[in-house]
Amino acid sequence: MDIFHIAAECYPVAKVGGLGDVVGALPKYQFSAGHLVSLVMPCYDTKFIAENEFECVHNGYVKLGNFNFPFNVLKGKTTPLGFELYLVEIPELFDRKEVYGYEDDIERFLSFQIATLDWIISLNKVPNIINCHDHHTGLIPFMMLYANKYEKLRNIPSVITIHNSIYQGQFGFDKLYYLPEFDLSKVTILEWDNRINSLAAAIKCAWAVTTVSPNYLNEINYSAYGLESLFNLVRNKSKGILNGIDIEVWNPAEDRMLAANYSVKNLGKGKQANKEALCKQFDLDPTQPLFSFIGRLLDEKGADLLPHAAALALSENYMEINILVLGSGNTEIESQLSHLLAGFKGNYNLYIGYNEELAHLIYAGSDFLLMPSRVEPCGLNQMYALKYGTIPIVRRTGGLKDTVVDFGDGGNGICHDQASITDVCYSIQRAVILYNDKKKLNDIRKSGMKIDHSWESVCQEYIQLYNLILNKNES
């Protein structure tokens with residue numbers, strides 16, 4: 001099977017969050033399973049791209065309304081990712097260091113989608129399946145079906161994988177002229193809530209819709225930021241497939257970013273070595289339980305709860321616990337977290353920004369990982385934590401509910417139901433009690449490390465879905 005993935009992110013080329021991790025792993029494991037797999041993404045100004053060699057395999061002009069942007073399609077000369085990588089280079093729009101956050105993001109990602117399809121129709125052999133990821137590629141299924149110039153792709157099945165329905169790629173109909181010519185009788189397909197909605201268009205037009213966990217598929221039927229009724233309408237073509245983790249990258253026995261490697265057999269010694277290295281770096285006490293948070297500092301991640309919850313927990317358990325935060329996002333949350341430094345020196349620290357190497361060390365050196373998310377379509381952090389013998393403390397939502405069971409119910413984590421300061425603090429208190437029961441703590445850690453969250457079985461679920469829609473197409 002010849003599979004094309006189209007996405008805005010891919011680790012280690014360019015990553016902002018979990019989307020990048022998934023897109024960096026799923027194609028690799030599909031390729032290992034014997035399929036021809038390619039990823040198409042924008043060409044950003046990143047370290048990975050600067051350090052690797054590419055050759056131009058196509059060039060042209062992308063027409064965006066009255067504008068024409070020259071573009072090139074670059075192919076990696078080697079395959080360090082384990083699959084073919086293609087970069088769409090549009091110098092005027094993508095030669096920037098950040099993936100998102102620009103005023104012209106609509107123009108950037110729409111031009112990327114058009115350029116990608118322009119290139120695909122030039123190929124001698126088109127792919128069997130096109131798997132789009134999130135709203136940045138959401139207009140591709142619509143254009144494949146209805147844009148005049150892409151008639152060649154009309155019978156190629158498309159899949160939209162939804163990593164987070166919060167972000168929908170909405171823009172006004174004043175920019176409709178950006179799209180290639182299509183039958184205007186189909187314009188209502190683009191519309192949701194009186195605007196063009198890229199994600200809604202993808203859900204309507206894709207042959208199949210996947211979410212990144214089964215529970216998230218259930219949740220978006222009643223909570224999807226305005227798309228609930230649409231998700232209910234397409235339930236018969238939707239499937240929740242739980243994400244995996246790339247154990248070639250996330251494996252404490254081989255991880256080069258750690259202070260010491262370890263497995264289930266030498267868990268205690270290995271984690272302690274990493275904890276000591278981490279605590280030394282951040283002036284924390286390695287003899288006390290260490291609670292960490294890794295992620296974007298946004299309300300959807302429950303990060304707004306952290307400043308107050310951390311202050312309460314540290315006040316009640318002063319000199320008994322440590323808290324470490326790694327992340328960036330909302331400037332007000334960043335400021336509140338920074339203000340805690342003066343009051344809890346030696347028990348609290350933070351790193352504003354993102355550092356991949358530090359994240360690995362935190363997973364290895366922490367005792368508990370805080371994930372009080374309001375929204376978590378899948379979540380990879382809790383799976384990384386389990387793999388590294390760190391106990392996740394999660395709110396029961398989305399993929400967190402699919403992957404973490406409370407230790408009181410025979411599971412490997414600590415769970416709470418509300419995204420509240422009270423629930424977070426109570427969970428921390430439970431964790432401290434567990435920490436002091438060393439035998440039980442180590443049993444839970446070891447059990448968590450043995451859970452198989454690898455991509456091998458997950459990628460087969462995607463292949464089965466692809467085969468299903470391909471067979472329907474042929475019948």
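Just above, that's the structure.
Fair warning: this is a prediction, and the values are worked out from it, not measured in the lab.

Conventions we followed
Throughout, a residue's number is its position along its own chain's written sequence, starting from 1. Since the coordinates come from a predicted model, pLDDT governs what is reported: local features require at least 70, and pairs of side-chain atoms require 80 or more to be given and counted, while whole-chain, interface and lining totals use all residues. Processing note: side-chain calculations cover all non-hydrogen atoms of the structure and skip hydrogens and water entirely. Only a pair of cysteine sulfur atoms within 2.5 Å counts as a disulfide in this structure description. Runs of H or I in DSSP of at least four residues are treated as helices and runs of E of at least two as strands, each being numbered from the N terminus. Using a 1.4 Å probe on the protein chains alone, a residue whose accessible area is under 20% of its type maximum counts as buried, one over 50% counts as exposed, and one in between counts as partly exposed. Counted charges follow a simple rule, with Lys and Arg positive, Asp and Glu negative, and His plus the chain ends left uncounted. Salt bridge criterion: a side-chain nitrogen from Lys or Arg within 4 Å of a carboxyl oxygen from Asp or Glu. Here a polar contact is recorded for every N or O atom pair within 3.5 Å, except that within protein the pair must consist of a potential hydrogen donor and a potential acceptor, and residues adjacent in sequence are included only if both atoms are side-chain atoms. Only heavy atoms matter for contacts: two residues are in contact if any of them lie within 4.5 Å across the pair. Think of it this way: a Phe, Tyr or Trp ring, Trp meaning its six-membered ring, pairs with another when their centres are within 6.5 Å, and the plane angle makes it stacked under 30 degrees, edge-to-face over 60, tilted otherwise. Here, a charge over a ring is recorded when the distance from Lys NZ or Arg CZ to the ring centre is within 6 Å and its angle to the ring normal is within 35 degrees. Definitions used throughout: a 1 Å grid over protein atoms alone; a cavity as a set of points that fits a 1.4 Å probe which cannot get out; a pocket as an open set with protein on both sides within 12 Å along at least five of seven lines; a lining residue as one with an atom within 4 Å of a point. Grid points are joined across faces, edges and corners, and a volume is the space filled by probe spheres set on the points. Residue polarity is assigned by list, with Asp, Glu, Lys and Arg as charged and Ala, Val, Leu, Ile, Met, Phe, Trp, Tyr, Cys and Pro as nonpolar; anything else, Gly included, falls into the polar class.

## Thoughts on the state of the cysteines
Thought 1: Scanning the entire structure with this criterion turns up zero disulfides.
Thought 2: Free cysteine: Cys43, not disulfide-bonded; nearest cysteine sulfur from Cys56 at 11 Å.
Thought 3: Distance from the sulfur of Cys415, which forms no disulfide, to the nearest cysteine sulfur (Cys378) is 15 Å.

## What about the side chain of Glu9?
Thought 1: Tracing the chain through its elements places Glu9 in the loop between strand 1 (2-6) and helix 1 (18-32).
Thought 2: No salt bridge is formed by the buried Glu9, whose closest oppositely charged neighbour, Arg296, lies at an N-O distance of 6.9 Å.
Thought 3: Among the polar contacts made by the side chain of Glu9, one reaches the side chain of Tyr100 at a distance of 2.6 Å.
Thought 4: With residues near it in sequence (within four places) discarded, Glu9 still touches Ala14, Lys15, Val16, Gly17, Leu19, Gly20, Val23, Met41, Val99 and Tyr100.

## Remarks on the packing of aromatic side chains
Thought 1: In the structure shown here, the tally under the stated rule is 17 aromatic pairs.
Thought 2: Grouping aromatic residues by their ring pairs yields a cluster made of Tyr44, Phe94, Tyr100, Phe109 and Phe112.
Thought 3: Above the plane of the ring of Tyr11 lies Lys15, whose end atom (NZ or CZ) is 5.5 Å from the centre.

## Structural notes on unusual backbone geometry
Thought 1: Tyr11 connects to Pro12 through a cis peptide bond whose omega is 5°.
Thought 2: If you trace the backbone, Pro12 turns up in the loop between strand 1 and helix 1.
Thought 3: The phi dihedral of Asp134 is positive, around 65°, even though this residue is not glycine.
Thought 4: Secondary-structure assignment places Asp134 in the loop between strand 6 (129-133) and helix 5 (140-146).
Thought 5: The backbone of Asp193 shows a phi angle near 60°, a positive value even though the residue is not glycine.

## Brief notes about the layout of surface pockets
Thought 1: Volume-wise, the second largest pocket comes out at about 550 Å³.
Thought 2: Lining the second largest pocket are 27 residues; nearest its centre among them are Tyr11, Lys28, Glu248, Val249 and Met257.
Thought 3: Those elements that provide at least two residues to the lining of the second largest pocket are helix 1 and helix 2 (47-51).
Thought 4: The leading source of residues in the lining of the second largest pocket is helix 1, at five residues.
Thought 5: Tallied by class, the residues present in the lining of the second largest pocket amount to 14 nonpolar, five polar and eight charged.

Function cannot be inferred from these measures alone, as they are strictly geometric.
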